[in-house]
Amino acid sequence: MGKMVRRWSPAGIGAPVGQYSHLAAAPAGADLLFVSGQVGTLADGSFAGTDAYAQTRQIFANLAALLASAGSGPEHLVKLFTMVAGADHLAGCRAARAEAFAGWFPGGDWPAHSLIVVSALASPEILVEVEAVALVPAAG
């Protein structure tokens, strides 16, 4: 089965205010995979849409494909970091994330996750960007 991520939110700390765990730990000796910030583009480089919902859906599809290419998967995510270009794009981003997480983490065992609102990202078309850290499970 390979090494697994342990995620938890300890007693004595306020409950998470969203879809995340306060702590996530990769087991000793695990190989970690650091995924650069992903934006909502299709394979041809065009944007999946002009709204945060469409772009975020594509980001999570791209993230799943990137993890698979490295022998990992969403269940091995340790940490996500999301940047949203303006508070008006939060609802679309959160809706797409909730859809992805419903399939990836049906029991609510979510990775550690930070989300910030920024004034802009690398280009005006980019509304959401997501970085990730995942483990690559041991073969066998």
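See the structure shown above.
Residues numbered from 1 in each chain as written. Predicted model: local features only at pLDDT ≥ 70, side-chain atom pairs only at ≥ 80, totals over all residues. Heavy atoms only, no water.

> What is the right way to read the overall build of the protein chain from this model?
Secondary structure summary: the protein chain contains 2 helices and 6 strands in total. Starting at the N terminus and walking to the C terminus, you meet the elements of the protein chain as β-β-β-α-β-α-β-β. For 140 residues, the compact-globule estimate of 2.2 N^0.38 gives 14 Å, and the C-alpha radius of gyration of the protein chain, at 15 Å, lies within 12% of that figure. Dimensions of the protein chain, computed from C-alpha atoms along their principal axes, come out at roughly 40 × 40 × 25 Å. Counting only contacts in the protein chain whose residues sit at least 6 apart along the sequence, the fraction spanning at least 24 positions is 75%. Here the protein chain holds 7 positive side-chain charges and 10 negative ones, and the gap between their average locations is 12 Å. (Helix = DSSP H or I, 4+ residues; strand = E, 2+ residues; numbered from the N terminus. Rg over C-alpha atoms; globule rule 2.2 N^0.38 Å. Contact = heavy atoms within 4.5 Å. Lys, Arg positive; Asp, Glu negative; His and termini not counted. Charge placed at Lys NZ, Arg CZ, Asp CG, Glu CD.)

> How should I be thinking about the nonpolar core in this particular structure?
The tendency in soluble globular proteins is for nonpolar side chains to be buried side by side. Ranked by internal contacts, the top residues of the largest apolar core, which has 20 residues, are Phe-60, Leu-63, Leu-77, Leu-80, Trp-104 and Val-128. Mapped by element, the contributors of at least two residues to this core are helix H1 (52-69), strand S4 (77-85), helix H2 (90-104) and strand S6 (128-136). With residues up to four places along the chain from it excluded, the contact list for Leu-80 reads Phe-60, Leu-63, Phe-101, Pro-111, Ala-112, His-113, Ser-114, Val-130, Glu-131 and Ala-132. (Core = buried A, V, L, I, M, F, W, Y, C linked by side-chain atoms within 4.5 Å. Buried < 20%, exposed > 50% of the residue type's maximum accessible area, 1.4 Å probe, protein only.)

> What is the right way to read the pairing of S4 from this model?
Successive side chains on a regular strand alternate, one facing one side of the sheet and the next facing the other. Taken across its 9 residues, S4 has 7 buried, putting it largely inside the fold. One ladder, built from 7 bridges, connects S4 with S6; its direction is antiparallel. Its bridge partner being in S6, Val-84 is matched across the sheet by Val-128. (Pairing = 2+ DSSP bridges.)

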